[in-house]
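Commentary on secondary and tertiary structure
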Amino acid sequence: MSIKEELNIDKLPKHISIIMDGNGRWAKQQGKLRVFGHENGTKSVREITEACAELGIENLTLYASSTENWKRPKLEVQTLMRLLISSLKNEIKTLQENNIKLNTIGNTTDLPKKVQRELFDVIEQTKNNTRMTLNLALSYGSRDELLNTIKQISIKVKNNIISHEKIDESVINEHLYTRNLPDVDLLIRTSGEQRIINFLLWQIAYAELFFTDILWPDFTKNHLYEAILCYQNRERRFGKTSEQLK
Ligand code: IPE
Ligand code: IPE
Ligand code: MG
């Protein structure tokens, strides 16, 4: 039986998020420039996006760049932006064929105008697609998102649009970049690093974490199935006891 056949289709995570890491090391292993790793990383993005849609995952969030990644060498940042534009141009067909809606989270106004225009175009063209939402986290930082949320809510309190007693988890959820998404069920990080690096801190409160040594350009459908299978074999108790779940 293939690993895919072992998956329980009735117990799929509703929201998978991935910290795609290891492009630079992958290139270095082959004596190539980091850029080569990023180019090959885009192939994994396509493969994993397609695999999630085929399986019936409703939401996939990919960490493509962080608020901290702007500190990288200028040439690398430029290459990442160039790759983003070409991927958006090339992948629109795949998104349409697979009925996938594109969405972004993060400080997208920090992105070069050309990238913003391309993003807006693909988001607009795919807005009625219903099979899966692909969220690209771009210039995303969780602390930045939470700060932004707190500011927006305080302004509403100040202007008597909402009273402070009414602030609860759902009010916070409604002000996050991820407002239309369910909590993350499964968070995957590739490349062997075991840290969260400012990614969806509020949304992963009850997520199952899966760390793998595979570098992102080597991450295939089968690795994804392995992660989901591992997720399905865990007991999610949400604070209850094992007995209560039975
Ligand atoms: C992740 O790979 C890709 C992005 C940040 C876009 P890295 O570039 O972080 O690769 P490593 O971690 O240096 O190998
Ligand atoms: C991982 O981030 C790649 C992203 C998807 C943002 P980094 O590779 O920049 O993270 P650290 O700081 O080295 O762990
Ligand atoms: Mg890295």
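Each remark here, short or long, concerns the structure printed above.
In this text the structure is predicted, and so the values were computed from the model without any measurement. (Residues numbered from 1 in each chain as written. Chains lettered and ligands numbered in written order. Predicted model: local features only at pLDDT ≥ 70, side-chain atom pairs only at ≥ 80, totals over all residues. Heavy atoms only, no water.)

**Concerning the overall build of the protein chain**
As a reminder of what qualifies: Only DSSP runs of H or I with at least four residues qualify as helices, and only runs of E with at least two residues qualify as strands; both kinds are numbered from the N terminus onward. Computation of the radius of gyration draws on C-alpha atoms, with the globule rule given as 2.2 Å multiplied by the number of residues to the power 0.38. Relative accessibility decides the category of a residue: with a 1.4 Å probe and only protein chains considered, values under 20% of the type maximum give buried, values over 50% give exposed, and everything between is partly exposed. Any two residues whose heavy atoms approach within 4.5 Å are treated as being in contact. Areas reported here follow the Shrake-Rupley algorithm with a probe of radius 1.4 Å; residue values treat only the protein chains shown as occluding. Two residue types count as positive, namely Lys and Arg, and two as negative, namely Asp and Glu; His and chain ends fall outside the count. The atoms used to mark charge sites are NZ of Lys, CZ of Arg, CG of Asp and CD of Glu.
For the protein chain, the count of helices and strands is eight helices and six strands. Ordered by position in the sequence, the α and β elements of the protein chain form the string β-α-α-β-α-β-α-β-α-α-β-β-α-α. Here the C-alpha atoms of the protein chain give a radius of gyration of 19 Å, agreeing with the 18 Å that 2.2 N^0.38 yields for 246 residues. Each of the three principal axes of the protein chain carries a C-alpha extent, and together these read 60 × 50 × 35 Å. Each of the 246 residues in the protein chain was classed as buried or not, and the buried ones make up 45%. If you take every contact in the protein chain between residues at least 6 apart in sequence, the share linking residues at least 24 apart comes to 77%. On the protein chain, roughly 13,500 Å² of surface is accessible, and the fraction owed to carbon and sulfur atoms is 50%. Side-chain charges of the protein chain comprise 35 positive and 32 negative groups, with the mean position of each set lying 6 Å from the other.

**Things to note about the pairing of strand β4 (residues 132-137)**
Applied cut-off: For two strands to pair, DSSP has to find at least two bridges joining them.
In terms of burial, β4 is a largely internal element, six of the six residues being buried. By the alternation rule, side chains of β4 split into M132, L134 and L136 and T133, N135 and A137, which are all buried. In this sheet, β4 lies alongside strand β2 (residues 59-63) in parallel orientation, the contact comprising five bridges. The residue bridging T61 from the neighbouring strand is N135, located in β4. Pairing between strand β3 (residues 100-105) and β4: six bridges, direction parallel.

**Things to note about the site of ligand 2**
Rules: Throughout, near means a residue has at least one heavy atom within 4 Å of the molecule or strand. Pairing of N or O atoms within 3.5 Å defines a polar contact, subject to two protein rules: one partner must be a possible hydrogen donor and the other a possible acceptor, and residues neighboring in sequence count only if both atoms are side-chain atoms.
Residues in close proximity to ligand 2 include I19, M20, D21, Y63, S66, N69, R72, R189, R195 and I197, which together make up its full environment. Here an oxygen atom of ligand 2 and a side-chain polar atom of D21 are 3.2 Å apart. One nitrogen or oxygen atom from the side chain of R195 is found 2.7 Å from an oxygen atom belonging to ligand 2. Coverage of ligand 2 by the protein amounts to 77% of the 390 Å² it exposes when considered alone.

**Section: the sheet that holds strand β5 (residues 186-189)**
Hydrogen bonds between backbone groups are what pair the strands of a sheet, and the pairing can be parallel or antiparallel. Quick note on the threshold: All axes here are fitted lines through C-alpha atoms, helices being fitted over the stretch that makes contact, and every angle between N-to-C directions spans 0 to 180 degrees.
The sheet built from six strands is open, its strands ordered β3-β4-β2-β1-β5-β6 with parallel pairing. The sheet is open, and its two edges are formed by β3 and β6 (208-211), each paired on a single side. Sheet twist, expressed as the average angle between the axes of neighbouring strands with direction ignored, equals 20 degrees. Where strand β1 (residues 15-19) and β5 come together, four bridges link them in parallel fashion. Bridge pairing links S17 to L187 in β5. The strands that helix α2 (residues 34-55) touches are β1, β2, β3 and β4; relative to β2, the one it contacts most, it runs at about 165 degrees.

**Some points on the nonpolar core**
Nonpolar side chains in soluble globular proteins tend to end up buried together. Here is the rule we go by: Throughout this description, the term nonpolar core refers to a set of buried Ala, Val, Leu, Ile, Met, Phe, Trp, Tyr and Cys residues connected via side-chain atoms within 4.5 Å.
Counting residues in each nonpolar core, the largest one holds 40 residues, and the members touching the most others are I16, I18, I188, L224 and I228. Apart from residues no more than four positions distant in its own chain, I18 is found in contact with I48, L60, T61, L62, Y63, I188, F199 and W216. Core analysis: the second largest hydrophobic core is formed by twelve residues, I19, A137, Y177 and F199 among them.

**Brief notes about a negative patch on the surface**
Filter applied, for reference: Patches in this entry comprise residues that are over 30% relatively accessible and not in a salt bridge; like charges within 9 Å are linked, as are nonpolar side chains (Val, Leu, Ile, Met, Phe, Trp, Tyr) within 5 Å. The term salt bridge refers to a pairing of a side-chain nitrogen on Lys or Arg with a carboxyl oxygen on Asp or Glu at a separation within 4 Å.
Negative charge collects at one region of the surface, where D168, E169, E174 and D183 lie side by side. In this structure, D168 sits in the loop between α5 (142-158) and α6 (169-175).

**Details of the site of ligand 1**
To keep things clear, this is the line we draw: Classification used: nonpolar for Ala, Val, Leu, Ile, Met, Phe, Trp, Tyr, Cys and Pro, charged for Asp, Glu, Lys and Arg, polar for all others including Gly.
Neighbouring residues of ligand 1: 13 residues in total, closest D21, G24, R25, R34 and R72. Between an oxygen atom of ligand 1 and a side-chain N or O atom of D21, the distance comes to 2.8 Å. Within the side chain of R72, an N or O atom sits 2.7 Å from an oxygen atom of ligand 1. Bound to the protein, ligand 1 loses 87% of the 380 Å² it would expose on its own. Taken together, the elements giving at least two residues each to the shell around ligand 1 come down to α1 (23-29), α2 and α3 (74-97). No other element matches the three residues that α1 contributes to the shell around ligand 1. Of the residues assigned to the shell around ligand 1, the class counts are three nonpolar, five polar and five charged.

**A look at the packing of aromatic side chains**
As a reminder, the rule being used: Each Phe, Tyr or Trp ring, with Trp reduced to its six-membered ring, pairs with another whose centre is within 6.5 Å; inter-plane angles below 30 degrees give stacked pairs, above 60 give edge-to-face pairs, and intermediate values give tilted ones. Only lysine NZ and arginine CZ atoms are considered, and such an atom sits over a ring when it is within 6 Å of the ring centre and within 35 degrees of the ring normal.
Inspection of every chain in the model, using the stated rule, returns seven aromatic pairs. Relative to Y140, the ring of Y63 lies with its centre 5.8 Å away and its plane at 80 degrees, an arrangement referred to as edge-to-face. Highlighted residues: Y63 in strand β2 and Y140 in the loop between β4 and α5, separated in sequence by 77 residues. Pairing Y140 with F199 gives two aromatic rings, centres 5.9 Å apart and planes at 85 degrees, and the pair type is edge-to-face. With a gap of 59 residues between them, Y140 in the loop between β4 and α5 and F199 in the loop between β5 and β6 connect regions that are remote in the sequence. Comparing Y140 with F199, the two get one shared label, buried. Following the ring pairs from residue to residue traces out a cluster consisting of Y63, Y140, Y177 and F199. Over the aromatic face of F36 sits the side chain of K32, whose NZ or CZ is 4.3 Å from the ring centroid.

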